[in-house]
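Spelled out, the chains give:
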Amino acid sequence: MTRGRKVKILATLGPASRSPEMIEKLLRAGADAFRVNMSHGDHETHAETIAAIRVVEKAIGRPIGILCDLQGPKLRVGQFAGGRAVIRHGSHFTLDRNPEPGDDTRVCLPHPELFGVLQKGQRLLIDDGKLRLTVIRAGEDAILCSAEVGGVISDRKGVNVPDAVVPVPAMTEKDRRDLAFAVQHGADWIALSFVQRPEDVAEARRLMGGYGALMAKIEKPAAIDRLEEIIELADGIMVARGDLGVELNPEEVPPLQKHIVAVTRRSGKPVVVATQMLESMIESPAPTRAEVSDVANAVYDGADAVMLSAETASGAWPVEAVTIMDRIAGQVERDPGYRQQVSFAQVLPDPTTADALAAACASIIQTVAISGVIVFTGSGSTARRVARERPAAPMLVLTPSQKIARRLALLWGAHAVTTRDIGSFEEMIAKGKRMALRHGFGVAGSKLVALAGVPFGTPGSTNLLHVVTLSGKELAREEGELAREEG
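Read on for a plain summary of the structure.

Rules used in this analysis
- Residues numbered from 1 in each chain as written.
- Predicted model: local features only at pLDDT ≥ 70, side-chain atom pairs only at ≥ 80, totals over all residues.
- Heavy atoms only, no water.
- Helix = DSSP H or I, 4+ residues; strand = E, 2+ residues; numbered from the N terminus.
- Rg over C-alpha atoms; globule rule 2.2 N^0.38 Å.
- Buried < 20%, exposed > 50% of the residue type's maximum accessible area, 1.4 Å probe, protein only.
- Areas by Shrake-Rupley, 256 points an atom, 1.4 Å probe, with all protein chains shown as cover.
- Lys, Arg positive; Asp, Glu negative; His and termini not counted.
- Charge placed at Lys NZ, Arg CZ, Asp CG, Glu CD.
- Disulfide = S-S within 2.5 Å.
- Arc of directions from axis to C-beta.
- Contact = heavy atoms within 4.5 Å.
- Pairing = 2+ DSSP bridges.
- Salt bridge = Lys/Arg side-chain N within 4 Å of Asp/Glu carboxyl O.
- Phe/Tyr/Trp six-rings, centres within 6.5 Å; stacked < 30°, edge-to-face > 60°.
- Axes fitted to C-alpha atoms, helices over the stretch in contact; angles between N-to-C directions.
- Parallel < 35°, antiparallel > 145°, perpendicular 65-115°, else oblique.
- Left-handed = near helix turned anticlockwise from the far one by under 90°.
- Nonpolar A, V, L, I, M, F, W, Y, C, P; charged D, E, K, R; others polar.

Summing up its helical and strand segments, the protein chain has 17 helices and 21 strands in all. In terms of C-alpha radius of gyration, the protein chain reaches 25 Å, essentially the compact-globule figure of 23 Å for 487 residues. With the C-alpha coordinates of the protein chain rotated into their principal frame, the extents come out at 85 × 45 × 45 Å. Going through the 487 residues of the protein chain one by one, you find that 55% of them count as buried. In the structure as shown, the protein chain presents an accessible area of about 20500 Å², 51% of it carried by carbon and sulfur atoms. Charge separation in the protein chain, taken as the distance between the mean sites of 58 positive and 60 negative side-chain charges, equals 4 Å.

This is how it looks when you write it as structure tokens:
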């Protein structure tokens, strides 16, 4: 299953798609990795889902990435007498610490940490921004607000605080349990929700104990102010446009998305664009033209992956959603103008041998007709360096580590294959040629660029670049050698 495209598709699994049969259909339609949303379902269900992915992985013979997405701290109002109330436009409304059921003038806000940080003029957005309150006076026990946009409010609706850094940890007790579960069940990526500061990322990494890769979700305006520090500590970034779009004005999200993608790309770490990409396909077999343009723009910007949420988790057309996303990405990457667009983020190599070779590899591809790049890596770092350059040729990544192969399912342009480690230069070239032929990265006469580190098996030692030409007989030679050994 060698993909004809470089951007990856991350599909969320749920009631509509968690069976082994549906997982295989989604893979064959174009999915490269799967998201398990820890906000919904229980650990038993999630364990069954992960086990089903691994069964399909073994049957198909391709490494599949699994991302477990933590729920994060969600602020919510308390309950109302009768379950709901109507806040009138322009009226006063109070959020307090009184646990009694609320009415059209007040309700409990069961988050004491908010009472000490909110100030006059700051906004409170309720129910994904459907209701908008502005703080008039903030005390220790009550926050008096003016309803800029009123409406119906009901029990336990979410509260967003876009104008303040809320002093809550990025992980709740539930998140800690979910993280431990994800590590125990071999998740390749763990996504941390509502990151506000680098310390949030550092805490999650400490709890992960060195296992798996950490993806920081950017969905709070406070995170933008310290974006580069957050990227430095994370292994990848997700542009989580759901809550980001609630806390910002709608017109602010597209340029911010481009900024986050560009800054993350310069770091060489994967960046995923997520939320509402083909939202109408939850119920419709076809997307809107605007949704198609949205996906296409993320691909043009050079995002490593694009994500489907409810479209595949609970929608009526999960396979069709993946199929259409695959078609959009393929069409963009065939556009003659795509190369110019995707190379907009000028990346200056770090002063290291590995970065210099990755830049040289991209330069060679621009000069010589190269059909593929063969990367030998134990840690995945060489593959990330090459992908950062967004080379025109596809990348075949050979690694002895199954966990690294799975993690690379979200890296732009990487087709990862798990193979035994190599011990010599000659073995590297021979194996690279065989794998290139086997996985469709060239034919007789094709030129390939091989990148590796000597001594072999030493992480982070990339220091070798070699251009090879396929004879087309490498696989026949291998079969002959095997026959002689068996004879």
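Here the narrative resumes, following the displayed structure.
Next up on the list: the state of the cysteines. Under the definition given, this model contains zero disulfides. Note on C108: no disulfide assigned, nearest cysteine sulfur contributed by C145 at a separation of 14 Å.

It is worth spelling out helix α4 (residues 198–208) at this point. In an α-helix, one turn spans 3.6 residues; hence positions three or four apart end up facing the same way. Taken as a whole, α4 has its buried residues at P198, D200, V201, A204 and M208. For α4, the angular spread of buried residues about the axis comes to 155°, placing them on one side. On the buried face of α4, the contacting elements are α3 (173–184), β12 (189–192), β13 (213–218) and α6 (227–233). Positive phi appears at G209, one or two residues downstream of α4, with a value of about 65°.

On to the sheet that holds strand β8 (residues 131–138), then. The strand order across the open sheet built from six strands is β6-β5-β9-β8-β7-β11, with neighbouring strands paired in mixed fashion. Every other strand in the sheet has two partners, leaving β6 (106–108) and β11 (159–160) as the edge strands with one partner each. Where strand β5 (residues 92–96) and β6 come together, three bridges link them in parallel fashion. Paired with T94 across the strands is R106, a residue of β6.

Oppositely charged side chains are able to pair whenever their charged atoms sit close together. Counting across every chain of the model gives 29 salt bridges. A single network of salt bridges, built from pairs that share partners, joins R3, R5, D32 and D326.

Before going further, it helps to examine the packing of aromatic side chains. As enumerated under the stated definition, the model contains one aromatic pair in all. Ring geometry for Y300 versus Y338: centroids 6.4 Å apart, planes at 55°, classification tilted. Separated by 38 residues along the polypeptide, Y300 in helix α9 (residues 289–300) and Y338 in helix α12 (residues 338–342) bring together distant segments of the chain.

Phi at D128 takes a positive value of approximately 55°, unusual for a residue other than glycine. Tracing the chain through its elements places D128 in the loop between β7 (123–126) and β8. Taking the relative accessible area as the measure of exposure, D128 reaches 48% and is therefore partly exposed. Located in the positive-phi region is R156, a residue other than glycine, with phi close to 60°. Tracing the sequence through the fold places R156 in the loop between β10 (151–154) and β11.

Where helix α1 (residues 20–29) meets helix α2 (residues 43–60), the closest approach of the two axes is 9 Å, and the angle between their N-to-C directions is 55°. When the interaxial angle is binned, α1 and α2 end up oblique. Every pair of crossing elements has a handedness; the one defined by α1 and α2 is right-handed. On α2, the residues touching P20, I23, E24, L27 and R28 of α1 are T49, A52, I53, V56 and I60. When the residues that make up the contact of α1 with α2 are grouped by side-chain class, the tally is seven nonpolar, one polar and two charged.

Pairs of packed helices are described in terms of their axes, by the angle between the two and the distance that separates them. It is at 9 Å that the axes of α9 and helix α11 (residues 318–334) come closest, and there the two elements cross at 50°. Judged on the interaxial angle alone, α11 and α9 are oblique. Classified by chirality, the crossing of α11 by α9 is right-handed. Contact with α9, carried on its side by V292, V295, A296, V299 and Y300, involves M325, I328, A329, V332 and E333 of α11 and no other residues of that element. Among the residues forming the contact of α9 with α11, the class breakdown is nine nonpolar, no polar and one charged.

A word on the sheet that holds strand β19 (residues 414–418). The strands making up a sheet associate through backbone hydrogen bonding, with each pair oriented either parallel or antiparallel. One open sheet holds the five strands; their spatial order is β19-β18-β17-β20-β21, and the pairing between them is mixed. The open sheet has two edge strands, β19 and β21 (462–469), and neither has a second partner. Strand-to-strand twist of the sheet, defined as the mean angle between neighbouring strand axes without regard to direction, takes the value 20°. In terms of strand pairing, strand β18 (residues 395–399) meets β19 through five bridges, oriented parallel.

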